[in-house]
Amino acid sequence: MRILRWLVAVGVIGAGGLWVLARPAPLAASAVEGLSGDITRGEAVFWAAGCASCHMAEKAEGDAELVLKGGQRFASEFGTFLAPNISQDAEHGIGTWSALDLANAITRGVSPEGEHLYPALPYASYAKMQMQDVVDLYAFMQTLPADPTPSQPHEIGFPFSQRAAVGVWKLMFVNTDWALPGNLTPTADRGRYIAEALAHCGECHTPRNALGALDTARWLAGAPNPSGDGKIPNITPAKLTWSAADIVQYLTTGFTPEYDSVGGHMAHVVENMARLPESDRQAVAEYLKAVPAAE
Amino acid sequence: MRHTILLAAALSALAFGAVAQAEDPFADAVEMRHGLMLQMATDMGKLGSMAKGEAVYDAAIASRSAENVAAIASVLSMDQFPAGSEYKAAADSFALPAIWATPDDFMAKITDLNTAAAALKVASATDVEGLKAGMGQVGAACSACHKAYRQPED
């Protein structure tokens, strides 16, 4: 009986402790202090990180890709997420955010109001971003247009509608460890930063566990397409047998070695990658060659 | 007896009609567009191996392939995309229903391809850097259309 009482007490303390640990954990206010943003470099970060691909209106093309009004729908096992407006609109977008607010949102998954954001925003990847890149990105995003379209609520049911649960998920799955650890050549190291931190390749190309977190043991080994039909391919050397030159050409023009052309969401990724310097695409190619083969 | 033969003939004619009907009415259209894409891929392949440095740049070969790409682009139209020949409805088709929902946009993307192919013809005849730039434009036109209008393969 006394033991039971103890167990209950330990359980309550444990739950309380978890509640404390799982609270939103923003960056220290000093995180971006002393850094100043560069618009040109920020634009490269913006494309590498693929911000527009998800936050522009569905099927936007050309200049409309820079109107980050939101509204695209992303189906998942947990419900459908609707990309919010992240344009410079003060009321409906993020026009009033500071650089620190942006850094908290994309690297910590915490809103300026101190709420957990859902990991449909790939902060599990962006957590690895350098603060200078975030500040540069902020500078570039401030040059983008404002759009007054209100953000739509996500369509998710209980228990995933409880944002507190996201805190526990973050404790379990969000960290700044590289999926491909260790020392790499300078080129592959740059490729790792682009692929793992910015372009968040793993978010689609790596299978997820029952809780929706990436199975890093099967990094880039392919996954079902959350939108329904088809499968997102394995891009480890087990299946992706293209030469580095093939990969660079694919990321530049969208042509596979058979001269089929990219389609689906990957077409956005190629558009983004094509805007980076060729050295960055070569870096990604070298990184992909260094990833362990996984069937 | 005569009646029986006639009846049998009539029945078999009906059955034959049913079989003919059950044959895929879009097989020709699907085969035609796949053939056009395959020829396009073959010519892009010649240009691409020069761009990748796997083959030595040859202005004559490059021009010839770029001309083929432009010629194929000029042939593309709704003629190869009869209504109903979409993904899951017609065998081997990956054409999304959006083509018939927004045919003007679909054709605009084919016009973009023609523009890019015309630029490739000029650029590929100059040097390998021009060829690379021209391929980038054609590639962007290919994927703009495939992104919107083609079901990705598994």
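The shown structure was predicted, so the numbers you read here are calculated from the model rather than taken from an experiment.

Caption draft 1: Spatial organisation of the overall build of chain A. Helices and strands together make up the secondary structure of chain A, namely 12 helices and four strands. Expected size for 295 residues packed as a compact globule is a radius of gyration near 19 Å; at 20 Å, chain A falls within 12% of this value. Projected onto its principal axes, the C-alpha positions of chain A cover 70 × 45 × 40 Å. Within chain A, buried positions represent 39% of all 295 residues.

Caption draft 2: Representation of the environment of B:M135 within the structure. Among the structural elements, B:M135 can be located in helix α6 (residues 128-149). A residue is classified by how many C-beta atoms lie within 10 Å of it, and B:M135, with 26 of them, is buried. Taking C-alpha positions, B:M135 is 7.8 Å from B:G48, a pair spaced 87 residues apart along the chain. Once residues lying within four places of it in the same chain are set aside, the contact partners of B:M135 are A:T253, B:L47, B:G48, B:A51 and B:L120.

Caption draft 3: Region of the structure containing the domain arrangement of chain A. Residue and element names in this part refer to chain A. Taken domain by domain, chain A holds domain 1 (35-173) and domain 2 (186-290). Taking only C-alpha atoms, the centre of domain 1 and the centre of domain 2 are 21 Å apart. On the side of domain 2, 19 residues touch domain 1, which itself brings 20 residues to the contact. Among the secondary structure elements, those contributing two or more residues to the side of domain 1 that touches domain 2 are α2 (39-48), β1 (73-76), α5 (123-126) and α7 (163-173). Broken down by element, the residue count for the side of domain 1 that touches domain 2 peaks at four residues, all from α2.

Caption draft 4: Region of interest: the interface of chain B and chain A. Each side of the interface is counted separately: chain B has 19 residues, and chain A has 20 residues. Among the elements that line the side of chain B that touches chain A, the one with the most residues is α6(B), at eight residues. Of the residues belonging to the side of chain B that touches chain A, the class tally is seven nonpolar, eight polar and four charged.

Caption draft 5: Spotlight on the packing of helix α3 (residues 59-75) of chain B against helix α5 (residues 103-124) of chain B. Residues and elements named next belong to chain B. Close contact between α3 and α5 brings their axes to 9 Å; oriented N to C, the two are set at 165 degrees. Taken together, the axes of α3 and α5 lie roughly antiparallel to each other. Here α3 and α5 pass one another in a crossing that is left-handed. Contact residues: α3 offers A62, S63, A66, E67, V69, A70, A73 and S74, while α5 offers L113, N114, A117, A118, L120, K121 and S124. A class-by-class count of the residues in the contact of α3 with α5 yields nine nonpolar, four polar and two charged.

Caption draft 6: Quick look at helix α8 (residues 186-198) of chain A. Look at α8(A): 17 Å from first C-alpha to last across 13 residues, which is about the 18 Å you get at 1.5 Å a residue. All of the buried residues in α8(A) are A:A188, A:G191, A:R192, A:Y193, A:I194, A:A195, A:E196, A:A197 and A:L198.

Conventions used here
- Residues numbered from 1 in each chain as written.
- Chains lettered and ligands numbered in written order.
- Predicted model: local features only at pLDDT ≥ 70, side-chain atom pairs only at ≥ 80, totals over all residues.
- Helix = DSSP H or I, 4+ residues; strand = E, 2+ residues; numbered from the N terminus.
- Rg over C-alpha atoms; globule rule 2.2 N^0.38 Å.
- Buried ≥ 20, exposed ≤ 12 C-beta atoms within 10 Å, placed from the backbone.
- Contact = placed C-beta atoms within 7 Å.
- Domains from an automatic or database assignment.
- Nonpolar A, V, L, I, M, F, W, Y, C, P; charged D, E, K, R; others polar.
- Axes fitted to C-alpha atoms, helices over the stretch in contact; angles between N-to-C directions.
- Parallel < 35°, antiparallel > 145°, perpendicular 65-115°, else oblique.
- Left-handed = near helix turned anticlockwise from the far one by under 90°.
- Expected span 1.5 Å × (residues − 1).

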